[in-house]
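# Report on the structure
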Amino acid sequence: MMITFGIMFLFFAGLIVILQKIKVDDKSFTNYAVGDRSFGARYQAMSFLNTWYPGAMFTAFGGMAAASGIISFYVLSYSLLTVVLMYMMAKPVWMWGKAFDLKTQPDLFSLRYNSKHIRTIAAIIGIISGIPWLILGMQALGEMFRYISLGSMSFSQAVIFGVIVIAIRQIWTVRIGMRGVVISDFYQGIVAYILGTAMLIGLIVWLVMSKGITFASLDAAKFVIPGPGSQEGPLFLFSLILTGALGGWCWPYIFVRLFTSNGVHSLKKSAALAIPLSLVFCTALLIFGMLAGNLPSVGENVNDVWFIASQEAGGLVLLGLAGAVLLAASMGHIDGNIQATGSQIANDLVGNYFNLDTRQLIYISKIGMLGLTLLSSWLSCMELPALFSLAVLAYQGIIQLAVPQFLGIFWKRGNKYGAILSMSVGFIVAVSLELLYHGTLPWAYGLTSGAIALGLNVVIYVLAAYLIPQDASEKKRVNDLFEMVSKAKGSAPSHKGQVNIISAPKH
Amino acid sequence: MNRSIHFYIAHIWFLINAFACLYPPLYWEVSNYSELIFGFPASFIYFMSTALSVTLSVLYSFWYETLAGEFQS
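This structure is a prediction, so every number in the text was calculated from the model and none was measured.

## Some remarks on the interface of chain A and chain B
Facing 40 residues of chain A, the contacting portion of chain B comprises 33 residues. For the pairing of chain A and chain B, the buried interface totals around 3200 Å² over both sides, and the portion due to carbon and sulfur atoms is 77%. Our count for the chain A to chain B interface comes out at one salt bridge. For the salt bridge of Glu-65 of chain B with Lys-268 of chain A, the shortest nitrogen-to-oxygen distance reads 3.1 Å. Run the count over chain A and chain B and you get nine residue pairs in polar contact (both at pLDDT 80 or more). Mapped by element, the contributors of at least two residues to the side of chain A that touches chain B are helix H5 (74–100), helix H10 (236–248) and helix H13 (264–292) of chain A. Counting residues per element, the side of chain A that touches chain B draws most heavily on H13 of chain A, which supplies 11 residues.

What follows is the structure, given as structure tokens:
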């Protein structure tokens, strides 16, 4: 236990040293919320990966690969497609963000649709949907501490310990804001995805060379993708990849990465850096999971496959490193979630209805982060049997932001009526279907509740766009927004005069 | 605005990738093929091919945009 906890302590101490060296700068809320849009491609790439791939990748997806086989590769497909979306959105989103000082995803909704209330609706959906995932992340840490304590901690003791560790980490998230999140993401990302990938490749070699486990030794059922006649339904994979790729950018803590970059070039370069890393890491993890699932010691404990194989291959030292890798991945996700939620509480909820100065915005944001940390820490220590169902339900709900978000960025015609109605109806339909059928819709050919609601969402948005045309001033405003992007060449808005011409909704 | 041929190649490539990743009959067909190819199942080769293609399309797009001076202020 000294060895495993010692390795994790070293990782954590290194992180604290880095965080302590970051200067706290409260000169503007833009600095606190999006790090003054100052980060280059390498920081952006690691920050994206560290928020995108949580620690649950090693447990939930590693376990899924071990238990179910090739279907788990859907996470690879949608994780890469989402980088394509990032590449395509980079220019308009970053330029609008810079020109209008956007700091959150609801800020963008408000700008594009010229509506104050859409900011509140998008923020509420984002915040509520994020909480179950935050609790799951904290509980996953508890599961990890239970394992690496080598049985000396009970599950509830391990969860409390995990919550204390992650709560201590949040002191710096609250103090420093986004700058601390991005810089620590870089360190955590190196541990989670560079060291983690090296470990995964080493474990694959060990499984093949020492244990003689190859694809040929796996059950043929593990290579089957659900098709016609399958229990999951023929459109199951389609649904998972579509909602995964579109839904990724609906999470406020992922979307805000588009505002932290120092330019379009850095953002696109970060996509070019992140995508090969993502390919290698995710492929290695899923191959590892599939092969390690054949270890007799894994048996029914598929979610512990990462720890079981690490301990068996490299003893307590490798088990300690496995813990540090998972902790690094988890921290990036949890920090990002808490930071983005705090910013939204200040900027999009309170700040949407009260005129706040920089100091007040930062203060409310900090209080929001502290409150969220305490609330999720408290809930993590409780028995919540329906938590996973709640998290799935939240995912099906939040992806309904995708329609007004993507169509708003790439299509001029959409309006606020369509945007508000489509995402609200989509959210209600997705949540209702999920509550009614508990994840499996017998008549939907494998489509998930979120995918069905997305279809309805698109129809409402497009119909509203044609039935309620924009008036002349709104049409000109939206045209100016799009022209600003299409005429500009380069990483910064080249005609700043337009910043004053186009009126962004102010709070 | 004049677009270079690379712009169209990259965007068509993105569309082909989306189609290859999402079109159900394609992966149903792949899944039906039960023989291993060079020791790998067809479904694994399908996922890896699409993943590699998506990766290369982003790298290609970034390469041509950099060459074309898209990022110069």
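## Notes on the state of the cysteines
Evaluated as defined, the whole model comprises zero disulfides over all chains. The closest cysteine sulfur to the non-disulfide-bonded Cys-250 of chain A is located on Cys-21 of chain B, 18 Å from its own sulfur. Assessed through its relative accessible area of 0%, Cys-250 of chain A is described here as buried. Take Cys-282 of chain A: it sits in no disulfide, and the sulfur closest to it among the cysteines is that of Cys-21 of chain B, at 13 Å.

## Observations concerning unusual backbone geometry
Residue and element names in this part refer to chain A. Residues other than glycine seldom take positive phi values, yet Asp-36 does so here, at roughly 60°. Mapped onto the secondary structure, Asp-36 falls in the loop between helix H2 (29–34) and helix H3 (41–52). The class of Asp-36 is partly exposed, set by a relative accessible area of 30%. We note that Asn-114 has phi near 50°; this positive angle belongs to a residue other than glycine. Inspection of the secondary structure assignment puts Asn-114 in the loop between helix H6 (105–113) and helix H7 (117–148).

## Let's talk about the nonpolar core
Within soluble globular proteins, side chains that are nonpolar generally end up buried alongside one another. One finds Phe-58, Trp-96, Trp-249, Phe-288 and Trp-306 of chain A to be the most contacted residues of the largest nonpolar core, which totals 178 residues. In contact with Trp-96 of chain A, not counting residues within four places along its chain, are Asp-101, Leu-102, Leu-108, Leu-111, Gly-408, Ile-409, Leu-481, Phe-482, Met-484 and Val-485 of chain A.

## Quick word on the packing of aromatic side chains
When we look at a pair of aromatic rings, we describe it by the centre distance and by the angle of the planes. Inspection of every chain in the model, using the stated rule, returns 43 aromatic pairs over all chains. Plain terms: the ring middles of Phe-215 of chain A and Phe-40 of chain B are 5.7 Å apart, the flat faces sit at 65° to each other, and that makes the pair edge-to-face. Here Phe-215 of chain A is found in the loop between helix H9 (178–209) and H10, whereas its partner Phe-40 of chain B is found in strand S2 (residues 40–41) on a different chain. One aromatic cluster is present, built from ring pairs that chain together Phe-73, Phe-215 and Phe-223 of chain A together with Phe-40, Phe-44, Tyr-46 and Phe-47 of chain B.

## A few points about the environment of Phe-47 of chain B
Tracing the backbone shows Phe-47 of chain B in helix H3 (residues 42–67). For Phe-47 of chain B and Tyr-27 of chain B, which are 20 residues apart along the polypeptide, the C-alpha to C-alpha distance reads 9.1 Å. Apart from the residues within four sequence positions on either side, Phe-47 of chain B is in contact with Ile-70, Phe-73, Tyr-74, Ser-77, Ile-225 and Leu-237 of chain A.

## Quick notes on the confidence of the model for chain A
Any residue range with low pLDDT should be treated as having predicted coordinates unsuitable for detailed reading. All names here are of chain A. When pLDDT is averaged along chain A, the result is 90, and 95% of the positions lie at 70 or above. No element of chain A has a lower mean pLDDT than helix H21 (residues 497–501), which averages 33, and none a higher one than H13, which averages 97. When the criterion is pLDDT under 50, residues 491–507 qualifies, and its contacts beyond four places in sequence or with other chains add up to 40 contacts.

## Considerations on empty space enclosed by the protein
Residue and element names in this part refer to chain A. Under the definition given, this model contains two cavities of 30 Å³ or more. Of the voids in this model, the largest cavity is the one considered here, and its volume is about 40 Å³. Around the largest cavity, the lining residues are Lys-103, Thr-104, Gln-105, Pro-106, Pro-252, Val-256, Ala-340, Ser-343 and Gln-344. For the lining of the largest cavity, the secondary-structure elements that each account for two or more residues are H6 and helix H14 (305–353). No other element matches H14, which puts three residues into the lining of the largest cavity. For the lining of the largest cavity, the class distribution of residues is four nonpolar, four polar and one charged. Here the second largest cavity defines a volume of roughly 30 Å³. If you trace the second largest cavity, you find it lined by Leu-108, Phe-109, Arg-112, Tyr-113, Pro-404, Gln-405, Gly-408 and Ile-409.

## Some points on the packing of H6 of chain A against H7 of chain A
Helices that pack against each other are described as a pair by the angle of their axes relative to one another and the distance between those axes. Residues and elements named next belong to chain A. In the contact formed by H6 and H7, the axes pass within 8 Å of each other and the chain directions differ by 150°. Considering their axes alone, H6 and H7 lie roughly antiparallel with respect to each other. Read as a crossing pair, H6 and H7 show a hand that is right-handed. Across the interface between the two elements, Pro-106, Asp-107, Phe-109, Ser-110 and Tyr-113 from H6 touch Ile-118, Arg-119, Ala-122 and Ala-123 from H7. Class assignment for the residues of the contact of H6 with H7 results in six nonpolar, one polar and two charged.

## Quick notes on the side chain of Asp-348 of chain A
Residue and element names in this part refer to chain A. Assignment of secondary structure puts Asp-348 in helix H14. Of the polar contacts made by the side chain of Asp-348, one reaches the side chain of Thr-104; its length is 2.9 Å. Apart from residues no more than four positions distant in its own chain, Asp-348 is found in contact with Thr-104, Pro-106, Asp-107, Arg-119, Thr-120, Ala-123 and Ser-343.

## Some points on the confidence of the model for chain B
All names here are of chain B. Scored by pLDDT, chain B has a mean of 91; 96% of the residues are at 70 or more. Per-element confidence in chain B ranges from a low mean pLDDT of 88 for strand S1 (residues 36–37) to a high of 96 for H3. Here the predicted complex scores 0.92 on pTM and 0.95 on ipTM.

## Some details on the pattern of salt bridges
Summed over all chains, the structure comprises 13 salt bridges over all chains. Put simply, Asp-101 of chain A and Lys-103 of chain A hold a salt bridge, and the shortest N to O gap is 3.3 Å.

Thresholds applied
- Counting from 1, residues in each chain are numbered in the order their sequence is written.
- Chains carry letters and ligands carry numbers; both start at the beginning, A for chains and 1 for ligands, and go up in the order they are written.
- Note on the predicted model: pLDDT of at least 70 is required for a residue's local features to be given, and 80 or more for side-chain atom pairs to be given and counted; whole-chain, interface and lining totals, by contrast, use all residues.
- Only hydrogens and water are set aside; all other atoms, that is, all heavy atoms of the structure, feed into the side-chain values.
- Residues are treated as being in contact if the distance between any of their heavy atoms lies within 4.5 Å.
- Using a 1.4 Å probe, buried area is obtained as the accessible area two parts lose upon being combined, added over both of them.
- The term salt bridge refers to a pairing of a side-chain nitrogen on Lys or Arg with a carboxyl oxygen on Asp or Glu at a separation within 4 Å.
- Think of a polar contact as two N or O atoms within 3.5 Å of one another; within protein, one of them needs to be a possible hydrogen donor and the other a possible acceptor, and neighboring residues in sequence only count if both atoms come from side chains.
- Helix and strand assignments come from DSSP, with helices taken as H or I runs of at least 4 residues and strands as E runs of at least 2, each series counted from the N terminus.
- Put simply, a disulfide is two cysteine sulfurs that come within 2.5 Å.
- Only protein chains enter the calculation, and the probe is 1.4 Å; a residue is then buried if its accessible area is under 20% of its type maximum, exposed if over 50%, and partly exposed in between.
- Nine residue types can take part in a nonpolar core, namely buried Ala, Val, Leu, Ile, Met, Phe, Trp, Tyr and Cys, and a core is a set of them joined through side-chain atoms within 4.5 Å.
- Any Phe, Tyr or Trp ring, taking Trp's six-membered ring, that has another such ring centre within 6.5 Å forms a pair; planes under 30 degrees apart are called stacked, those over 60 apart edge-to-face, and the others tilted.
- Each residue carries a pLDDT value, the predictor's own confidence for that position, ranging from 0 to 100.
- Method remark: on a 1 Å grid restricted to protein atoms, a set of points is classed as a cavity if a 1.4 Å probe fits but cannot get out and as a pocket if it is open with protein on both sides within 12 Å along at least five of seven lines; lining residues have an atom within 4 Å of a point.
- Grid points are joined across faces, edges and corners, and a volume is the space filled by probe spheres set on the points.
- Charged residues are taken to be Asp, Glu, Lys and Arg, nonpolar residues to be Ala, Val, Leu, Ile, Met, Phe, Trp, Tyr, Cys and Pro, and polar residues to be all remaining types, Gly included.
- Whenever a helix is involved, its axis is fitted only over the stretch in contact; in every case the axis is a line through C-alpha atoms, and angles between N-to-C directions fall within 0 to 180 degrees.
- Each angle gets one of four labels, with under 35 degrees taken as roughly parallel, over 145 as roughly antiparallel, 65 to 115 as roughly perpendicular, and the rest as oblique.
- Each helix crossing is assigned a hand: it is left-handed if the near helix lies turned anticlockwise from the far helix by less than a right angle, otherwise right-handed if that turn is clockwise.

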